[in-house]
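# Commentary on secondary and tertiary structure
As a plain string of letters, each chain reads:
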Amino acid sequence: MSALTEDQTGRGGRPANGTATTVENPPHPAVPRQPAPRGTATAGAAPSTTASKEPATSATVSEIPTPPTTASAEPASSTTASAEPASSTTAPEKPTPAATAPENPAPPSPATDDPAAPRPPITAVTSVTPELAHRTTETDVFPTRWTRISDTRFRFTAHWPAAHPFFGPVDDRHQDPMIVGETLRQASMVLAHAEFGAPADTHFVMWDLTVSVDPAALLLADAAEPVEFDVVCSEIRRRGRGLRSMRTTMEFRRAGRFVARGTGSTGCTPPRAYRRLRAGRLNAWNTPVPLLAGIAPQAAGRSRAEDVVLAPADRPGVWNLRVDTGHPVLFPRPNDHVPGMVLFEAARQAATAASGLRPFLPATLTAEFAHYAELHSPCRIETEVFDDHPGEVTVRVSGRQDGASVFTASLTSARSARVRSLS
């Protein structure tokens, strides 16, 4: 894994678990569209909808509540989700199914605040910026460019580096499957801003996330090859000319070979609504978060102690969430709650520790988020291990805080994964 850059080490920034002063996704400056580079090939025919939603598991997931798929009624206010999740008492509206939410033409990009500004032609290639992907460092941005094929279909190119400070190799052969979910999350926010009119200061919540991966297609030897993925946007709901929520479904290929497919439902909350939603919690931003001692990195499937998000608890199969607000990738900027990526990583680390597999290479990952995970309350991570099918193990993970479910996740890995110590 490559060494941290000066920006990633946090030198000159806030200390770990120090005082927080802003939210995770503060307003970004307007990002002008970049012209297509010379010689760049344009996209062809619209892709088929090949990435369908994976079946939900019986486990529930916190940080991003799952939207209903068959009922059009609005969800109860107690559920929330995180690219920015809702508070434990109220939640952003979940999307209605596609049958009741017709897809309207996408409004102009927020890069120009002029509704009359022309949209680029279908074949225009647009570059992804850190601002659009809500990242602070270019090396943490995995989608690189996209082409609009229609108002609801897009084709992206991504780069998954062989070495990354956090999404690095899980062993000496495989890339980290979690990079698929992070790419899906980033691409969803890029499209929300640039194609569906979500203003730059929008707060995002992800209610659910499902990823299916072929680990054999995530070889380090192929890391230099770009990843192409098609995106279909559905269940689109508007807020005026902007976006209220939508589902994104993606299929990833490398050199023509299937790598993964995923789907997630994202909600958009305007700043004023977010302040009302989180008013009681925003007042506690200046309270430092205690940094717990983590479990051994090898047990969590990590090579560095600073990347561990689990702390010991009172019995086997149970851990406490370890929150390091100074982590340069998990907390790229201060936040008033635990980001969804931290909870997703906690689920993977708990599955690794509970199953004993080294490496734990999940072929399927599902997560649903019910509430925001608060920074200043203990969050308990519990696991159940199932060996119902020969040759594979499934671990169901749940996070609970203040007596309520925050998230649930389910991860399945083949038992044939080669055992190798990361020490």
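A brief report on the enclosed structure follows. Predicted model, so just to flag it, every value in this text is computed and none were measured.

This part is about the nonpolar core. Formed by 80 residues in total, the largest nonpolar core has its most connected members in F156 and W160. If you tally residues by element for this core, the top one is helix 3 (residues 178–194), at ten residues. When sequence neighbours within four positions are dropped, the list of residues in contact with F156 reads V128, P143, R145, W146, A187, V190, L191, V227, E228, F229 and V231. If you look at the next biggest cluster of nonpolar residues, it comprises six residues, including W207, L277, L282 and Y372.

Any two aromatic rings considered together are summarised by their centre-to-centre distance and by the angle between their planes. Inspection of every chain in the model, using the stated rule, returns nine aromatic pairs. Centre to centre, the rings of F156 and F229 are 5.0 Å apart; their planes meet at 15 degrees, and the pair counts as stacked. A residue pair is termed long-range when its members are at least 10 positions apart, and F156 in strand 3 (residues 153–158) and F229 in strand 5 (residues 227–239) qualify at 73 residues. Of the two residues, F156 and F229, both sit in the buried class. For the pair F229 and F252, a centre-to-centre distance of 4.7 Å together with 25 degrees between the ring planes defines the contact as stacked. On the criterion of sequence distance, the pair formed by F229 in strand 5 and F252 in strand 6 (residues 242–254) is long-range, its members being 23 residues apart.

The subject of this paragraph is the pairing of strand 11 (residues 379–386). When strand 9 (residues 318–321) meets strand 11, the two strands line up antiparallel, connected through three bridges. Considered in strand 11, the bridge of W319 is made with I381. Here eight bridges tie strand 11 to strand 12 (residues 392–401), and the two strands are oriented antiparallel to one another. Among the inter-strand pairings, R380 is bridged to a residue of strand 12, identified as R400. In this structure, the hairpin formed by strand 11 and strand 12 is closed by a connection of five residues, where G391 is found at a positive phi of approximately 85 degrees.

Here we take up unusual backbone geometry. In the segment running from R358 into P359, the intervening peptide bond is cis, with an omega of 0 degrees. In this structure, P359 sits in the loop between helix 7 (340–355) and strand 10 (362–369). Here H134, not a glycine, exhibits a phi torsion of approximately 60 degrees, which is positive. With respect to the helices and strands, the residue H134 is situated in the loop between helix 2 (130–133) and strand 2 (143–148). Residue classification places H134 among the buried residues on the basis of a relative accessible area of 2%. Look at D402: it is not a glycine, yet its phi comes out positive at around 55 degrees. One can find D402 in the loop between strand 12 and strand 13 (404–414). Look at D402 and you get exposed, because its relative accessible area is 57%.

A few words on the pattern of salt bridges. What the rule picks out here adds up to 22 salt bridges. Close ionic contact of E195 with R148 constitutes a salt bridge, the shortest N to O distance being 3.6 Å. Taken together, the residues span a long stretch of sequence, with E195 in the loop between helix 3 and strand 4 (203–213) and R148 in strand 2 at a distance of 47 residues. Each member of the pair, E195 together with R148, is buried. The partner of R247 in a salt bridge is E235, with the nearest N and O atoms 3.3 Å apart. A residue pair is termed long-range when its members are at least 10 positions apart, and R247 in strand 6 and E235 in strand 5 qualify at twelve residues. Linked by salt bridges that have partners in common, D176, R302, R304, E306, D307, E345 and R348 make up one network.

A word on the packing of helix 3 against helix 7. Taken N-terminus to C-terminus, the directions of helix 3 and helix 7 make an angle of 165 degrees; their axes are 11 Å apart at the nearest point. Between helix 3 and helix 7, the angle falls in the class roughly antiparallel. Helix-helix and strand crossings are classified by hand; for helix 3 and helix 7 the assignment is right-handed. Between helix 3 and helix 7, the residues in contact are M178, E182 and R185 and M341, F344, E345 and R348, respectively.

Parameters and conventions
- Residues numbered from 1 in each chain as written.
- Predicted model: local features only at pLDDT ≥ 70, side-chain atom pairs only at ≥ 80, totals over all residues.
- Heavy atoms only, no water.
- Core = buried A, V, L, I, M, F, W, Y, C linked by side-chain atoms within 4.5 Å.
- Buried < 20%, exposed > 50% of the residue type's maximum accessible area, 1.4 Å probe, protein only.
- Helix = DSSP H or I, 4+ residues; strand = E, 2+ residues; numbered from the N terminus.
- Contact = heavy atoms within 4.5 Å.
- Phe/Tyr/Trp six-rings, centres within 6.5 Å; stacked < 30°, edge-to-face > 60°.
- Pairing = 2+ DSSP bridges.
- Salt bridge = Lys/Arg side-chain N within 4 Å of Asp/Glu carboxyl O.
- Axes fitted to C-alpha atoms, helices over the stretch in contact; angles between N-to-C directions.
- Parallel < 35°, antiparallel > 145°, perpendicular 65-115°, else oblique.
- Left-handed = near helix turned anticlockwise from the far one by under 90°.

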